[in-house]
Amino acid sequence: MAKVGFVKFDYESSRPNPMTRICLILFHLFLCQQINLYAGPRISIIYPAENDTINAAAIDSNFIFGQVTPATSHLFINQQSIKLYENGAFLAYLPLEYGNFEYACLAVDKSDSILARRVVYYVPPLGPISGDTVCIDTSSAMPRGDLELWPGDLINVGFQGSPGCTASFAVHGLVADIPMTETNQRGPGYWGESVFGSGAVIRPEPIPGLYRGSYMIQPDDSAVGAAIRFQLFDQHADTARAVAPGAVTIDTSGIPRVAETKLALTVLRTGPRKSYYYFLPKGVILWITGRQGRDYRVRLSETEDAWIEDYKIRFLPRGTPLPHPCIRLVRTTSLKRKERVTVYSENRLPFRIVQSTMPNQLKVLLYGMTADTDWIRHDSRDRLIRRISWEQLGNRVYALTVDLNQKHPWGYDAGFDENDNFFLDIKKTPPIGRWKRSALRNMTILLDPGHEPDTGAIGPTGFMEKDANLLLAHAVAKRLHKRGAAVTFTRLAEGLPLAERLSLAMASDADILLSLHHNAIPAGLNPFKNRGTSTYYYHPQSYELAQNIHNHLLQELELPNFGFYWDNLAMCRPTQMPAVLIEPAFMMHPEEELKIRSEKFRNRCAKAIVDALVEFVRLYRE
Ligand SMILES: [Zn+2]
């Protein structure tokens with residue numbers, strides 16, 4: 001809106017009489033109106049931002065959204081007429097081309113018009129290397145980072161070069177002339193459509209000229225920082241050469257490398273930068289058996305490896321032995337809200353907990369530990385634990401199975417006590433009231449309004465997700481209070497970074513965690529086909545609650561079903577309570593943004609969520 005600074009009037013100091021003041025205000029409004037009309041239509045483009053990079057291989061269209069004022073204008077983007085909603089919001093899904101791509105947005109209102117341009121860069125998929133001479137794209141040479149490997153490990157190498165040639169590689173001082181093959185494999189597919197859209201797989205065309213090779217390290221091999229060199233030649237014997245950025249070191253010392261976890265919550269993965277799989281506290285001893293770039297390989301057992309980023313560990317002095325504890329005793333202790341299972345391990349070693357709900361059971365895998373178990377002492381005051389049994393899985397894994405007398409799991413916590421003994425705290429069923437109105441009376445619900453300080457998604461009119469989430473949290477809290485539940489928040493006006501929010505949730509002692517969000521889809525998906533309500537969970541203990549909430553939201557809101565998901569989301573990961581993340585509607589869709597702004601819609605969301613909670617807790621009352 002045009003500024004009206006020149007109509008400056010100090011109402012307080014000059015104090016004209018009331019009639020004059022009214023006239024001045026009317027004159028002021030009249031001037032504003034004139035200036036608005038004179039300024040003509042305005043276009044605000046929320047997405048994409050100027051010079052956005054779109055890296056979603058092989059999509060053919062993308063969305064653009066924002067708002068035009070006045071809402072009576074007509075909007076054309078790249079010559080196509082685009083619908084304006086009642087508040088001037090627009091959303092369009094238009095063809096896109098590789099490279100620099102421009103959206104020309106023309107808003108016309110009566111005789112006035114405005115043209116706004118927005119340029120994005122759509123990353124083209126990897127294509128074949130063309131040219132008269134044989135060449136290797138050095139930026140494609142792998143490994144990218146240094147490798148530390150053991151005899152028996154594979155050295156996997158590759159690069160992109162001129163198609164139809166002959167390739168080989170050598171590891172300096174170790175092996176030479178190892179043949180490579182041209183794979184013609186495809187570039188990585190785009191996951192957006194597979195996950196959120198129709199389920200179709202969008203994959204780029206096969207890329208000629210991708211050469212791959214590997215070598216298995218032999219028992220007598222040795223190398224320290226050995227370079228990997230590539231050779232590519234055609235039928236005229238024209239040759240191109242390149243060196244991979246990563247070099248090879250083979251550990252033949254025979255001395256185990258030992259490190260410990262550095263972070264309060266340290267995540268280990270299934271492969272370098274692959275799935276989160278092991279969640280460990282600080283000070284856990286790890287056996288490091290290799291490295292790939294900045295990721296270390298951890299040996300858990302004879303058959304199980306994990307991977308961890310370098311900044312999460314601290315190496316212990318060379319020669320530090322690996323502990324090999326034997327488990328003689330397991331004991332349970334009944335506490336007020338939980339029952340504790342203590343495994344007298346006296347060492348911090350990696351573990352993994354596998355939960356099942358049918359039957360209600362927790363299985364603990366303790367790596368590097370051996371059974372010498374003579375006693376399992378039960379605390380007879382409590383009936384939460386039905387049975388505990390142990391077994392030895394292979395040479396180095398001690399497994400403890402805990403069967404529970406509980407209709408539904410309510411959470412657990414695991415770690416090491418001050419004596420480095422492993423503990424598993426299992427939460428008792430909260431005292432749930434018999435009647436609908438009293439069901440939540442003894443419960444604490446932790447509400448997590450997503451985002452802030454970041455904005456989260458932004459709607460076409462500029463409405464920010466962080467604000468929408470907080471408004472919804474207040475509406476849910478109001479209903480929960482009416483039902484007698486205690487409500488706590490992870491944030492109000494100001495928010496914590498995600499990692500701190502997660503720690504706060506884990507330490508909160510709440511009975512249920514609800515993370516509240518509003519959605520947006522990734523680039524390339526059709527926002528008219530893919531929208532509506534979705535719900536997310538991570539642990540088996542959260543599945544039933546998540547499904548119940550999802551069904552209630554679908555029924556109450558009558559928006560399209562965007563899906564029910566298992567997803568590795570931080571705020572779904574606390575084990576201490578059932579945790580569900582809710583996305584009732586889409587910020588980016590003009591109709592849904594309008595709804596999200598309305599108190600009526602918010603109250604309907606809150607009603608669905610709280611009704612689902614009540615139904616859930618009553619179903620699993622002991
Ligand atoms: Zn969000």
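What comes next concerns the included structure. Keep in mind that what you see is a predicted model, and the values were worked out from it rather than measured.

### A closer look at the overall build of the protein chain
Now for step 1: Secondary structure summary: the protein chain contains eight helices and 39 strands in total.
Now for step 2: Summarising its shape, the C-alpha atoms of the protein chain cover approximately 95 × 85 × 50 Å along the three principal directions.
Now for step 3: In the protein chain, which comprises 622 residues, the proportion classed as buried is 50%.
Now for step 4: Residue pairs at least 24 apart in sequence account for 69% of intrachain contacts in the protein chain once pairs closer than 6 positions are excluded.
Now for step 5: In the structure as shown, the protein chain presents an accessible area of about 30,000 Å², 52% of it carried by carbon and sulfur atoms.
Now for step 6: Between the averaged position of the 68 positive side-chain charges in the protein chain and that of its 65 negative side-chain charges there is a distance of 8 Å.

### Observations regarding the layout of surface pockets
Now for step 1: The calculated volume of the largest pocket comes to roughly 1,100 Å³.
Now for step 2: In terms of lining, the largest pocket is formed by 40 residues, of which the most central are Leu-265, Val-267, Phe-279, Arg-573 and Thr-575.
Now for step 3: Mapped by element, the contributors of at least two residues to the lining of the largest pocket are β19 (266-269), β20 (276-280), β27 (351-357), β32 (412-416) and α5 (498-506).
Now for step 4: Approximately 450 Å³ is the volume found for the second largest pocket.
Now for step 5: In this structure, the second largest pocket is lined by 29 residues; those nearest its centre are His-451, Glu-465, His-517, Leu-569 and Glu-583.
Now for step 6: For the lining of the second largest pocket, the secondary structure elements donating two or more residues are α5 and β39 (579-583).

### Examining a positive patch on the surface
Now for step 1: Together, Arg-437, Arg-441, Lys-478, Arg-479 and Lys-482 make up a positively charged patch on the protein surface.
Now for step 2: Examined against the element boundaries, Lys-482 turns out to sit in helix α4 (residues 465-482).
Now for step 3: Given the relative accessible area of 64%, Lys-482 is considered exposed.

### Some points on the nonpolar core
Now for step 1: By size, the foremost hydrophobic cluster in this structure holds 46 residues, and its most contacted members are Leu-286, Ile-353, Phe-422, Leu-424 and Ile-426.
Now for step 2: For this core, the element with the highest residue contribution is strand β31 (residues 397-404), accounting for six residues.
Now for step 3: Two domains each provide a minimum of three residues to this core, namely domain 4 (257-315) and domain 5 (326-427).
Now for step 4: Among residues more than four places away in sequence, those in contact with Ile-353 are Leu-362, Lys-363, Val-364, Tyr-412, Ala-414, Phe-422 and Leu-424.

### Quick word on empty space enclosed by the protein
To locate leftover empty space, one rolls a probe as large as a water molecule over the atoms.
Now for step 1: Scanning the entire structure with this criterion turns up three cavities of 30 Å³ or more.
Now for step 2: Lining the largest cavity are 13 residues; nearest its centre among them are Trp-287, Arg-299, Leu-322, Leu-349 and Arg-396.
Now for step 3: Residues of the lining of the largest cavity, tallied by class, amount to nine nonpolar, two polar and two charged.

### Concerning unusual backbone geometry
Now for step 1: Cis geometry marks the peptide bond from Tyr-47 to Pro-48, where omega comes out at 0°.
Now for step 2: With respect to the element layout, Pro-48 can be found in the loop between β1 (42-47) and β2 (53-54).
Now for step 3: Following Glu-452, the chain continues into Pro-453 via a peptide bond in cis, with omega recorded as 10°.
Now for step 4: Among the secondary structure elements, Pro-453 is positioned in the loop between β34 (444-449) and α4.
Now for step 5: At Glu-452, a residue that is not glycine, the phi angle is positive and equals roughly 75°.
Now for step 6: Within the secondary structure, Glu-452 sits in the loop between β34 and α4.
Now for step 7: Its identity is not glycine, yet Asp-509 carries a phi of approximately 65°, on the positive side.
Now for step 8: Mapped onto the elements, Asp-509 comes out in the loop between α5 and β36 (512-516).

### A short note on the coordination of the zinc ion
Now for step 1: Listed as protein donors to the zinc ion are His-451 (NE2), Glu-465 (OE) and His-517 (ND1); their distances from the metal cover 2.1 to 2.2 Å.
Now for step 2: Taken in chain order, the donor set of the zinc ion reads H-x13-E-x51-H. In this pair, His-451 is assigned in the loop between β34 and α4 and His-517 in the loop between β36 and β37 (533-537), connecting sequence segments 66 residues apart.
Now for step 3: Judged by its relative accessible area of 21%, His-451 falls in the partly exposed class.

### Thoughts on the environment of Ile-228
Now for step 1: When you line up the elements, Ile-228 lands in strand β15 (residues 228-233).
Now for step 2: Judged by its relative accessible area of 0%, Ile-228 is buried.
Now for step 3: Each C-alpha atom, one on Ile-228 and one on Phe-463, is 53 Å from the other, the two residues being 235 residues apart in sequence.
Now for step 4: Those residues within four positions of Ile-228 in sequence are excluded, and the remaining contacts are Pro-143, Ile-155, Val-157, Phe-169, Ala-170, Val-171, Ala-242, Val-243, Ala-244, Gly-246 and Val-248.

Conventions adopted
- Residues numbered from 1 in each chain as written.
- Predicted model: local features only at pLDDT ≥ 70, side-chain atom pairs only at ≥ 80, totals over all residues.
- Heavy atoms only, no water.
- Helix = DSSP H or I, 4+ residues; strand = E, 2+ residues; numbered from the N terminus.
- Buried < 20%, exposed > 50% of the residue type's maximum accessible area, 1.4 Å probe, protein only.
- Contact = heavy atoms within 4.5 Å.
- Areas by Shrake-Rupley, 256 points an atom, 1.4 Å probe, with all protein chains shown as cover.
- Lys, Arg positive; Asp, Glu negative; His and termini not counted.
- Charge placed at Lys NZ, Arg CZ, Asp CG, Glu CD.
- 1 Å grid on protein atoms, 1.4 Å probe; cavity = no way out; pocket = protein on both sides within 12 Å on 5 of 7 lines; lining within 4 Å.
- Points joined across faces, edges and corners; volume = space filled by probe spheres on them.
- Patch = residues over 30% accessible without salt bridge, like charges linked within 9 Å, V, L, I, M, F, W, Y side chains within 5 Å.
- Salt bridge = Lys/Arg side-chain N within 4 Å of Asp/Glu carboxyl O.
- Core = buried A, V, L, I, M, F, W, Y, C linked by side-chain atoms within 4.5 Å.
- Domains from an automatic or database assignment.
- Nonpolar A, V, L, I, M, F, W, Y, C, P; charged D, E, K, R; others polar.
- Donors = N, O, S within 2.8 Å, 3.2 Å for Na, K, Ca; no water.

Shape is all these values report; function is a separate question.
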